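Residue strings, one per chain:
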Amino acid sequence: MSDLLSIRCRILSILDGDIEPLQNLFLRCTDYHELEEGESTVDDAAEYLLKNVPPDTAGEDKIVLGMFDSTGLLVAVCDLLRNYPTAGEWWIGLLMIDPNRRGTGLGSQVIADVIAMAGAENATALWVAPLEQNPNAQRFWERHGFVEERRAQTTTRSGRSNNVVVRKKVTK
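Colleague: Even after reading the chapter, I still don't get the overall build of the chain, so can you show me in this structure?
Modeller: On a plain count of helices and strands, the chain comes out with five helices and seven strands. A globule of 172 residues ought to have a C-alpha radius of gyration of about 16 Å, and the chain, at 15 Å, matches this closely. Counting across all 172 residues of the chain, residues that qualify as buried make up 41%. Looking at the chain alone, contacts between residues at least 24 apart form 58% of all its contacts between residues at least 6 apart. As presented, the chain carries roughly 8900 Å² of accessible surface, and 50% of it is formed by carbon and sulfur atoms. Distance from the positive charge centre (18 side chains) to the negative charge centre (25 side chains) of the chain: 5 Å.

Colleague: How should I be thinking about the sheet that holds strand E3 (residues 74-82) in this particular structure?
Modeller: Backbone hydrogen bonds hold the strands of a sheet together, and the pairing may be parallel or antiparallel. Within the open sheet, the seven strands sit side by side as E1-E2-E3-E4-E5-E7-E6. Their pairing is mixed. Both edges of this open sheet fall to strand E1 (8-11) and strand E6 (147-155), since each of them pairs with a single strand only. With direction set aside, neighbouring strand axes in the sheet form an average angle of 25°. Bridging between strand E4 (residues 89-97) and strand E5 (residues 125-128) involves four bridges; their strand directions are parallel. Bridging from a neighbouring strand, Trp 91 pairs with Trp 127 of E5. Strand contacts of helix H1 (residues 19-28): E3 and E4, with the helix running at about 105° to E3, the strand carrying the most contacts.

Colleague: Could you clarify how one ought to interpret the side chain of His 33 in this entry?
Modeller: The residue His 33 is located in helix H2 (residues 30-37) in this model. Owing to a relative accessible area of 7%, His 33 belongs among the buried residues under this scheme. Sequence-distant contacts of His 33, defined by excluding residues within four places in its chain, comprise Gly 38, Glu 39, Ser 40, Thr 41 and Val 42.

Colleague: Help me understand the environment of Thr 86, please; the structure alone is not making it clear to me.
Modeller: Note that Thr 86 resides in the loop between E3 and E4. For Thr 86 and Ile 19, which are 67 residues apart along the polypeptide, the C-alpha to C-alpha distance reads 29 Å.

Criteria and thresholds
- Residues numbered from 1 in each chain as written.
- Predicted model: local features only at pLDDT ≥ 70, side-chain atom pairs only at ≥ 80, totals over all residues.
- Heavy atoms only, no water.
- Helix = DSSP H or I, 4+ residues; strand = E, 2+ residues; numbered from the N terminus.
- Rg over C-alpha atoms; globule rule 2.2 N^0.38 Å.
- Buried < 20%, exposed > 50% of the residue type's maximum accessible area, 1.4 Å probe, protein only.
- Contact = heavy atoms within 4.5 Å.
- Areas by Shrake-Rupley, 256 points an atom, 1.4 Å probe, with all protein chains shown as cover.
- Lys, Arg positive; Asp, Glu negative; His and termini not counted.
- Charge placed at Lys NZ, Arg CZ, Asp CG, Glu CD.
- Pairing = 2+ DSSP bridges.
- Axes fitted to C-alpha atoms, helices over the stretch in contact; angles between N-to-C directions.

In short, the description is geometric, and any link to function would need to be established separately.
In structure tokens:
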């Protein structure tokens, strides 16, 4: 756990030159991309994550948090949308951890920080929709108090259909 003390967090931005370190993290986490998309990480995955917001969603409500180790290596990313799916609620679009950091408590630290951030902004709930075919993710979100609300089907950028388990954690 002491290694977690050296992790620093900041908001990622295209303007701050974060595309390359984020793309490198995506490449190290290609196992997730293959699970979701059925193919290797695409060349513009980082730029897409930083730019993409759902229709009718304000760009300023998107936050992409990056966690860096003591060497400056990006080791985790968390994509957030405030006021989505409804005002006062937050959506966690992605939590991706470097394979070498999985199981170290980093994901739990990130989620604790996200819950604190959402609480500071008076969010009433957090939502996430992990892939049904990712049992490790299902267990992670359950451990953190995210309760299954429903199951749904999504379509990825590549056109692949995936089943997800939509989970909700009430914060207020």
